[in-house]
Amino acid sequence: MALASSAVLALALTACGESDAESKSVETATTEPTDPTVTPTATAVSASASAPATGPATKGAGSQGSGNSGGSGAGAGKTSSAGTGSGRAKPVDCTTDSLKFAIKEVKSPINHALITATNTGSKPCRIYRYPALRLSENSQSETARLGPSQPQAVVTLDRGATAYAGLITASVDRNSQTKVTTSSIGLSLHGPDAGDSSTENGVDVPVPGGSLYVEDDNAQVTFWQDNVSDALAW
């Protein structure tokens, strides 16, 4: 009987040894290092799989950036356009060819006429000092200017605008040795400097009704003004 028990115990120990060996064999197999080429492939697949999810977000951001860029570009264009639209043409000097002249006798003040010069040219122009006048064929010199009438600044005429000068035609009593009735008055323009004489050949401006009483020795003309009131204030 003792012999039988020893045999059973030996069999049990043998079985346990085999079981431990198998367990160690399995553990050794599961803890072996993985082939290094497997992990990069798996990562690449993972990145590729996630690409569709990140793709639309990236595209959306790019589109928004483009939209912002477009908005900024439109703003700059608008500002630039506004800047060029507000500019004004540089004035040139007026000439008799670019002006239309007229002379009109006025009721008040008495013995006064109003001279007008309207810019019919294509650009703004500056009209200097006062009109150089020859009241009749008998006039020996230009009509005297009325010095105190000089304005603070040179008159600049936009297209279609008018400058005005007042002409004192005679003395109050109309008693002069130089009196004459004229049908037109010769007019030319002065340059910008005080010493300038008339700058070009003048034009003959007809008077209304074909007749105007003038006195060469008493006549005076104002500087060009930008309004009627200042022209007739003397």
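Our subject is the structure that appears above.
Owing to the predicted nature of the structure, the values given are computational and were not obtained by experimental measurement. Throughout, a residue's number is its position along its own chain's written sequence, starting from 1. Restriction of local features to residues with pLDDT of at least 70 applies here, the model being predicted, together with a cutoff of 80 or more for giving and counting side-chain atom pairs; totals for whole chains, interfaces and linings are based on all residues. Note: side-chain values were computed over all heavy atoms of the structure, leaving out hydrogens and water.

Colleague: Explain the nonpolar core to me, please; I cannot follow it from the model alone.
Modeller: As a rule of thumb, soluble globular proteins bury nonpolar side chains together. We call a set of buried Ala, Val, Leu, Ile, Met, Phe, Trp, Tyr and Cys residues a nonpolar core when their side-chain atoms join them within 4.5 Å. With a 1.4 Å probe rolled over the protein chains alone, any residue whose accessible area is under 20% of its type maximum counts as buried; one over 50% counts as exposed, and the rest are partly exposed. Grouped together as the largest cluster of nonpolar side chains are 29 residues, with contacts concentrated most on Leu 99, Ile 115, Ile 127 and Trp 224. Secondary structure elements are defined from DSSP: runs of H or I of at least 4 residues count as helices, runs of E of at least 2 residues count as strands, and each element is numbered from the N terminus. Elements represented by at least two residues in this core include exactly β2 (99–106), β3 (112–119), β4 (125–134), β6 (155–157), β7 (162–168), β9 (184–190) and β11 (212–215). It is β4 that contributes the most residues to this core, four residues altogether. Val 106, Leu 114, Tyr 164 and Leu 232 belong to the second largest nonpolar core, which has five residues in total.

Colleague: Would you take a moment to explain the packing of aromatic side chains for this structure?
Modeller: Aromatic ring pairs are reported here in terms of the distance separating the ring centres and the angle at which the planes meet. Note on aromatic contacts: the rings of Phe and Tyr and the six-membered ring of Trp form a pair at centre separations within 6.5 Å, being stacked when their planes are under 30 degrees apart, edge-to-face when over 60 apart, and tilted otherwise. Evaluated as defined, the whole model comprises one aromatic pair. Geometrically, the ring pair formed by Tyr 130 and Phe 223 is edge-to-face, given 5.3 Å between the ring centres and 75° between the ring planes. With Tyr 130 in strand β4 and Phe 223 in the loop between β12 (220–221) and α3 (228–231), this residue pair connects regions lying 93 residues apart in the sequence. Here Tyr 130 and Phe 223 have matching classes, each one buried.

Colleague: Explanation requested: the sheet that holds β7 in the structure shown.
Modeller: Sheets are built from strands that pair by backbone hydrogen bonding, the pairs being arranged parallel or antiparallel. By this definition, two strands are paired if DSSP reports at least two bridges between them. The strand order β2-β3-β7-β12-β5 describes an open sheet built from five strands, whose pairing is mixed. Looking along the sheet, the strands with just one partner apiece sit at the ends: β2 and β5 (144–145). Sheet topology places β7 next to β12; two bridges connect them, and they run antiparallel. Residue pairing across strands places Ile 168 opposite Gln 220, the latter belonging to β12.

Colleague: Can you help me understand the pairing of β4 in this one?
Modeller: Walk down a regular strand and you will see the side chains alternate between the two sheet faces. Within β4, eight of the 10 residues are buried, which leaves it mostly tucked inside the rest of the structure. Both strand β1 (residues 92–93) and β4 contribute to a ladder of two bridges, which runs parallel. Opposite Val 92, over in β4, you have Cys 125 as the bridge partner. Bridge count between β4 and β6: three bridges; the pairing is antiparallel. Pairing of Arg 126 across the sheet is with Thr 156, part of β6. As judged from the four bridges shared by β4 and β9, these two strands associate in the antiparallel manner. Counterpart to Arg 134 in the pairing with β9 is Gly 186.

Colleague: Mind showing me how you'd approach the environment of Tyr 128 here?
Modeller: Examined against the element boundaries, Tyr 128 turns out to sit in strand β4. A relative accessible area of 12% means that Tyr 128 is categorised as buried. When the C-alpha positions of Tyr 128 and Phe 223 are compared, they lie 8.2 Å apart, and in sequence the two are 95 residues distant. In this structure Tyr 128 touches Asp 93, Val 154, His 190, Gly 191, Pro 192 and Trp 224, once residues within four positions along its chain are discounted. A polar side-chain atom of Tyr 128 sits 2.7 Å from a polar atom in the side chain of Asp 93. The contact criterion used is simple: two residues touch if any of their non-hydrogen atoms lie within 4.5 Å. Distance and chemistry together define a polar contact, namely a pair of N or O atoms within 3.5 Å, with one atom able to donate a hydrogen and the other to accept it when in protein, and with adjacent residues in sequence counting only for side-chain atoms on both sides.

Colleague: Before we go on, may I ask you to explain the environment of Ser 188 in this structure?
Modeller: Along the chain, Ser 188 turns up in strand β9. In this structure, the C-alpha to C-alpha distance between Ser 188 and Tyr 130, residues 58 residues apart in sequence, is 9.4 Å.

Colleague: Sorry if this is basic, but what is going on with the side chain of Ser 176 here?
Modeller: Inspection of the secondary structure puts Ser 176 in the loop between β7 and β8 (179–182). Among the residues examined, Ser 176 registers a relative accessible area of 7% and is labelled buried. There is a polar contact of 2.9 Å between the side chain of Ser 176 and the side chain of Thr 178. Ignoring any residue separated from it by four or fewer positions in sequence, one finds Ser 176 in contact with Glu 215, Asp 217 and Asn 218.

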